[in-house]
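One letter stands for each residue in the lines below.
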Amino acid sequence: MFDAAIKIFSNSYTWAHYWEGLVTTVQLTLLSLLVGGLLAVPLAIMRTSKNKLINWPVWVFTYVFRGTPLLIQLYMIYYGVTLIEGIQESFWWEIFKHALYPTLIAFSLNTAAYTTEIFRGAIEATPRGEIEAAKAYGMGWGLRMRRIILPSAFRRAIPAYSNEVIFMMHATSIASLVTIIDLLGAARDIYAKYYAPFEAFIFVGLIYLCLTFGILAIFKRIEKKMLAHLAPR
Amino acid sequence: MFDFQGYGPSIFGGGILTLELALLSLLLAFTLGLLGALGKMSPSPVLRGISSFYTTLIRGVPDLVWMMLLFFGGQILVNTFFDFLYDVSDGEIDIFVPFNEFTAGVLTIGFIFGAYMAETFRGAIMAVDQGQIEAGKAYGMKPMQVFKRILFPQMMRHAIPGIANNWQVLLKTTALVSVIGLTDMVRLATEAAKSTGDPFKFFIPVAIVYLGISAISDVIFKRLTTVYSVGVEKG
């Protein structure tokens, strides 16, 4: 019964391939979260604006990206870039002919949409008194944002953001559908090579499970440190 | 603008399949979620262990991995099971059950969202006043009656926002079945996009359909909230 598993996992190619997949998955997750997070901060501030002209476009962006499947967003960007007039002759093609960049763009925009809404909720939950105190000190809008509102909003956003990080890590498995060898892509190769669905996919499932627990552990530590003032005494 | 080059009707059919798949999965997820929540809160450590194992394992692994495991491994599993039956019955039971992608899709999505629903229902059950359940027992109701008459109608009010949330995510997850060979909207749009070389023409309408379904669901869930909040005084 375990013969197949022994055969698969005694081959160093298997381990090397899964390792390559793991590195890609971690890179995809971190890069999309970085770009998405950087986009989300200004977008969240715009989203809390009372000016409809600033608020409305961001609402449309988050509504569309949160309301449609990530798979469609990925396909649109992946298949869509090839249509841009003359791109195949320009130097951009060197970058975009690999699936990695369209994928990163899709993932970043998607996580930016979710993160924007998380940050917006956190910003709107700022206690009134803190803002009034800042105003009483004569702080302007920018200073208030930088010193008072954003630091406390980021802390409040940590629990919800940890969920988004796990969702994004899981969502990167979609990259395997556009020829990227991430963890799931590696598992599909191993499956195809040995025709062993259980060994290939259960093993990769366990790696994802470990990554999930790893993220949870990291966020538990961050929360302990950053949200210490909220801990029950 | 809306010239689908003959792909229109088939993509529409794909939309129906997406809806069927989503609704059936929701039904399964709802049932599994209730069972999971009751299991998590049961006095038996075995039941609690099983339910926690189920929710943790499912939520820790990406949907697509579950889908591929079941899709590529499902037929082997089914065959092994019926081979086993064939052997133990000395050839009396000789059945071949072809593994069907639609069933695989419903089972996977239902099982995944059952785990999320279990968390939603657990919170909702905890929000119901314990005295209500004790009162039901004091009236001599059986556990099933307490659940049906007292717990369920009251917990639904707290569960609906979570259910609505899970439903929106579930709807989008159905797009993944396109990769295991089911001809849903996304699959058909991908095929059309590849053969015509015009991805936006097909993906944008499909995206709009998803947005439309979720907008309609919002309205339905708002109604349901009103229904289950009857008799609750707003503070």
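Residues numbered from 1 in each chain as written. Chains lettered and ligands numbered in written order. Predicted model: local features only at pLDDT ≥ 70, side-chain atom pairs only at ≥ 80, totals over all residues.

### A closer look at the packing of helix α8 (residues 141-171) of chain A against helix α10 (residues 197-226) of chain A
All names here are of chain A. Counted only if it meets this: The axes are straight lines fitted to the C-alpha atoms, using for helices just the contacting stretch, and the angles between their N-to-C directions are given from 0 to 180°. The secondary structure listing takes helices from DSSP runs of H or I that are at least 4 residues long and strands from runs of E that are at least 2 residues long, numbered from the N terminus. Roughly parallel refers to an angle under 35 degrees, roughly antiparallel to one over 145, roughly perpendicular to one between 65 and 115, and oblique to any angle outside these ranges. Distance between backbone-placed C-beta atoms decides contact: two residues are in contact if it is within 7 Å. Ten residue types, Ala, Val, Leu, Ile, Met, Phe, Trp, Tyr, Cys and Pro, are classed as nonpolar, four, Asp, Glu, Lys and Arg, as charged, and the remainder, Gly among them, as polar.
Running from amino to carboxyl end, α8 crosses α10 at an angle of 170 degrees, the nearest separation of the two axes being 10 Å. Classed by the angle they form, the pair α8 and α10 counts as roughly antiparallel. Residue-level inspection shows R155, I158, P159, S162, V165, I166, M169 and H170 of α8 in contact with α10, the latter providing Y208, L211, T212, I215, F219, I222, E223 and M226. Per-class residue counts for the contact of α8 with α10 are eleven nonpolar, three polar and two charged.

### Topic: helix α9 (residues 183-194) of chain A
Under the convention used in this document: Helix span, as expected, comes to 1.5 Å for every residue beyond the first. Remark: C-beta atoms are placed from the backbone, and a residue is labelled buried if 20 or more other C-beta atoms sit within 10 Å of its own, exposed if 12 or fewer do, or partly exposed between those counts.
For α9 of chain A, built from twelve residues, the straight-helix expectation of 16 Å at 1.5 Å per residue is met to within 8% by its first-to-last C-alpha distance of 17 Å. Residues L183, L184, G185, A186, A187, R188, I190 and Y191 of chain A constitute the buried set of α9 of chain A. The inward-facing, buried residues of α9 of chain A contact α1 (3-9), α2 (12-47) and α10 of chain A together with α3 (63-88) of chain B. Once α9 of chain A ends, the next one or two residues include Y195 of chain A, with phi positive near 50 degrees.

### Some points on the packing of α2 of chain A against helix α3 (residues 52-67) of chain A
All names here are of chain A. Spelled out, the test is: Left-handed describes a crossing whose near helix is turned anticlockwise from the far helix through less than a right angle; right-handed describes the clockwise counterpart.
Close contact between α2 and α3 brings their axes to 7 Å; oriented N to C, the two are set at 125 degrees. Judged by the inter-axis angle, α2 sits oblique to α3. The way α2 lies across α3 gives a crossing that is left-handed. The residues of α3 that touch α2, namely those facing L43, M46 and R47, are I54, N55, V58 and W59.

### Focus on the UniProt feature "transmembrane region" (unreviewed entry) in chain A
Residue and element names in this part refer to chain A. Basically, it comes down to this: UniProt positions are given in the numbering used here, feature names are shortened, and annotations may be inferred rather than shown by experiment.
The positions UniProt marks with the feature "transmembrane region" (unreviewed entry) are residues 22-46, 58-79, 99-119, 165-188 and 200-219. Taken end to end, residues 22-46 has its terminal C-alpha atoms 36 Å apart, with 100% of it in helix and 0% in strand. Taken end to end, residues 165-188 is 54% helix and 0% strand, and its first and last C-alpha atoms sit 24 Å apart.

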